[in-house]
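Residue-level listing of the chains:
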Amino acid sequence: MTDRDREPGADPVQVQMRGTVLTVRRVDAYHAMTVVAPGIAARFRAGQFVGVAVGGPDTSMLLRRAFSIHDVRPDHGGTVEFVFAAVGPGTRWLAERRTRDVLDLAGPLGRPFPIPRDPVSCLLVGGGYGSAPLFPLADRLRSRGCQVDFLLGAASADRVFGAQTARRTARSAVVTTEDGSMGIRGLITDRLTQVIHEARTDVIYSCGPMGMLRQVTTLASRYDIPVLTLVEESMACGIGVCMTCVLPVVGEDGVTRMVRSCVDGPVFHGDLVRWDDIGTIPFDALGAPGWKPRRQQQAASSGPDDGAAAARPAGAATGPRAEEQGHGG
Amino acid sequence: MAVDLRTKLGHVELPNPILTASGCAGAGRELAQFFDVAKIGAIVTKSVMLGPRAGRPTPRMAETPSGMLNSIGLQGPGIDAFLRRDLPWLLSRGARAVVSIAGGSVDEFAELAARLSDAAGITAIEVNISCPNVEDRGQVFACDPQAAATVVEAVRARARYDLPVFVKLSPDVTDIVTIARACVAAGADGLSMINTLLGMAIDTETLRPVLAGVTGGLSGPAIRPVAVRCIWQVRKALPDVPIIGMGGVRTGRDALELILAGAAMVSIGTTIFHDPSACIRVLRELDEELARRGIERLTDVIGLAHEPRTAQGRRLSGNVR
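Residues numbered from 1 in each chain as written. Chains lettered and ligands numbered in written order. Predicted model: local features only at pLDDT ≥ 70, side-chain atom pairs only at ≥ 80, totals over all residues.

All names here are of chain B. Running from N to C, helix α6 (residues 224-237) and helix α7 (residues 252-261) point in directions that differ by 25 degrees, and their axes come no closer than 8 Å. With respect to each other, α6 and α7 are oriented roughly parallel. The two elements α6 and α7 cross, and the hand of that crossing is right-handed. Contacts from Arg224, Ala227, Val228, Ile231, Trp232 and Arg235 in α6 reach Asp254, Glu257, Leu258 and Ala261 in α7. (Axes fitted to C-alpha atoms, helices over the stretch in contact; angles between N-to-C directions. Helix = DSSP H or I, 4+ residues; strand = E, 2+ residues; numbered from the N terminus. Parallel < 35°, antiparallel > 145°, perpendicular 65-115°, else oblique. Left-handed = near helix turned anticlockwise from the far one by under 90°. Contact = placed C-beta atoms within 7 Å.)

Most peptide bonds take the trans form, and the phi angle of most residues other than glycine is negative. Residue A:Pro266 follows A:Gly265 across a cis peptide bond; omega there is 10 degrees. Here A:Pro266 shows up in the loop between β14 (256-260) and β15 (267-269). For the bond running from B:Met193 to B:Ile194, omega is 15 degrees, close enough to zero to count as cis. One can find B:Ile194 in the loop between β10 (190-193) and β11 (197-200). Phi at B:Leu207 is positive, roughly 65 degrees, even though this residue is not glycine. Accessibility expressed as a C-beta count within 10 Å gives 7 for B:Leu207, which makes it exposed. One non-glycine residue, B:Val214, lies in positive phi territory at about 65 degrees. Its place among the elements puts B:Val214 in the loop between β13 (208-209) and β14 (215-219). C-beta crowding within 10 Å serves as the criterion here: with 13 such atoms nearby, B:Val214 is assigned to the partly exposed category. (Buried ≥ 20, exposed ≤ 12 C-beta atoms within 10 Å, placed from the backbone.)

Turning our attention to the domain arrangement of chain A. Residue and element names in this part refer to chain A. Entries for chain A in the domain assignment read domain 1 (16-109) and domain 2 (121-230). Relative to domain 2, the C-alpha centre of domain 1 lies at a distance of 24 Å. Contact with domain 1, which involves 13 residues of that partner, is made by 11 residues of domain 2. With 5 residues, strand β4 (residues 65-73) is the single largest residue contributor to the side of domain 1 that touches domain 2. Class assignment of the residues belonging to the side of domain 1 that touches domain 2 gives a composition of 8 nonpolar, 3 polar and 2 charged. (Domains from an automatic or database assignment. Nonpolar A, V, L, I, M, F, W, Y, C, P; charged D, E, K, R; others polar.)

Spacing of three or four residues puts side chains on the same side of an α-helix, whose turn is 3.6 residues. All names here are of chain B. Among the 10 residues of α7, 9 are classified as buried, and the element is accordingly described as predominantly covered. Inspection of α7 places Gly252, Asp254, Ala255, Leu256, Glu257, Leu258, Ile259, Leu260 and Ala261 among the buried residues, and these make up the whole buried set. In this structure, the buried side of α7 is in contact with β3 (18-20), α6, β15 (243-246), β16 (265-268) and α9 (278-292).

This paragraph deals with the pairing of β10(B). Residues and elements named next belong to chain B. Of the two faces of β10, the one carrying Gly190 and Ser192 and the one carrying Leu191 and Met193 are both buried. Note that strand β9 (residues 165-168) and β10 share 3 bridges and pair parallel. Note on β10: the bridge partner recorded for Lys168 is Ser192. Considered for its hand, the β-α-β crossover made up of β9, helix α5 (residues 176-185) and β10 is right-handed. Strand direction decides the pairing type here: β10 and β15, joined by 3 bridges, are parallel. In the strand pairing of β15, Ser192 is matched with Ile244. (Pairing = 2+ DSSP bridges. Right-handed = clockwise from strand over helix to strand, strands pointing away.)

The subject of this paragraph is the sheet that holds strand β6 (residues 102-109) of chain A. Residues and elements named next belong to chain A. What the 6 strands build is a closed barrel, ordered β1-β2-β5-β4-β3-β6; its pairing is antiparallel. Adjacent strand axes in the sheet meet at a mean angle of 45 degrees, parallel and antiparallel pairs treated alike. The pairing of strand β1 (residues 16-27) with strand β2 (residues 30-36) spans 7 bridges and is antiparallel. Bridge pairing links Val21 to Val35 in β2.

This is the structure in structure tokens:
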């Protein structure tokens, strides 16, 4: 992932821009919006998202809404499509936009999905409209010679996003619904083991509710299959300054940190996310209540600048990245 | 630009009065992809503490009408990582750095001031005695004039003599002027106001508080009238003390409102979340607002709303060509 080491702010590219709405269409229970935003389309890589201001110039809704990018196309200089559920005042406002309306967008934001070096067998697991970012990923994986299988699921048929595209483009596509209105009755996780075996999966990419991501990670770890998860934490800014979208993630040095899902994610290695501790501050997380740097315990033995270095366990990797606050998987 | 936007942060001159508000801009790095961080008056960093701090559990945020509640709890890397990584980056970009500090005890505040005084290149220190998202809800130092003065004295004693010390005040007090007076008497070079107001939201679906920390700090345009009132009251009582005004500023017009109440500088906070390039936009808009009124110098309008109307007309007419 070359993007990892990119210095935030090092590129003088335009991240925030005005985009003209091309289409808003209803897709079952969701809405898909296509916006002309050449700068975002040109730089987009699968897994990244846009931050959209809602409510117009004098809005009372201050927080940007973050949406995974579902598709980019070259028409009109470059368009970006994202999928959302109109469940609150901000998303309902978005759903009411019409062609030629102008939106304030920031993007592409976040770190993209890493792509395997070799042509391996990839299983893409999506819950609800969490499948949206998996389709540009599938295109990218196929262009690299990877096999792509889909496992999609939701509560009901109208909440499964992209089943037709998955069936048309992937080697295999399994769909589950809780009410049995499409595909197999049950949960995604009921079918995961079987699909892994049939598809001879080497790596799993997953996006959906936190509970699903946790279970997919747990099941896959039994077979030693790496899982890359795209998390959907609620964000206020999407650009790394507000510190609201944090979750506990284990770093390369073995230390748990509260990292920002917007700039350190939204893609994380599933086995590094402490799923059971989301919504808490784990007692052993860097800077948790009662946490003490080793420097204070060892008194005068180390210099004043060794605080963060001493926080690492002995023998751990000591690269400069290892001590970064908010370093993700 | 015809308008002279220079202003004074204590004895330090800034090219313009637009700053970031602590906690809304990190240490400037993330905002550099949206605008040149050296172009605004200064970057006020997120409050730094002695050690690393994980903050409070999630959910940490709730959107409210024209505002938001946050309960971050001062998550940050600690002073060592800040001095090693964040500050050098900010200075390398040519930005002016106002470093916000927060501590759980008077000694912690004092040690932070000492550590920052050893580091070259800092423009000023902002002492955050009023974060509502810590164990004591900011009650200990922000609401008691004696306790506030003790912190300021300790910081002033350890801070380099030429480093301006500003104290960030909470609006959640019975009389903000009493706290302001105590801080200035203890050696504060200026005051920053306002910090967030303590608020709360309950999710009527889950029937429980939205924030994991139950209460949080309310910010955004919803609180701007409170900021204007606080700045007004303190400016009236202490007309010679420079004020960094903040609280719901969204446009150049809003910035001008705080300046008219008495702020010599204006910080942009929650609006950055909505519009990451807000600082540079507000700066441009403020310049336009002043030019449109025929005002040549920013310093002519600081606290102007306190003057009787006739005096205002006389004073401004001298500047109108």
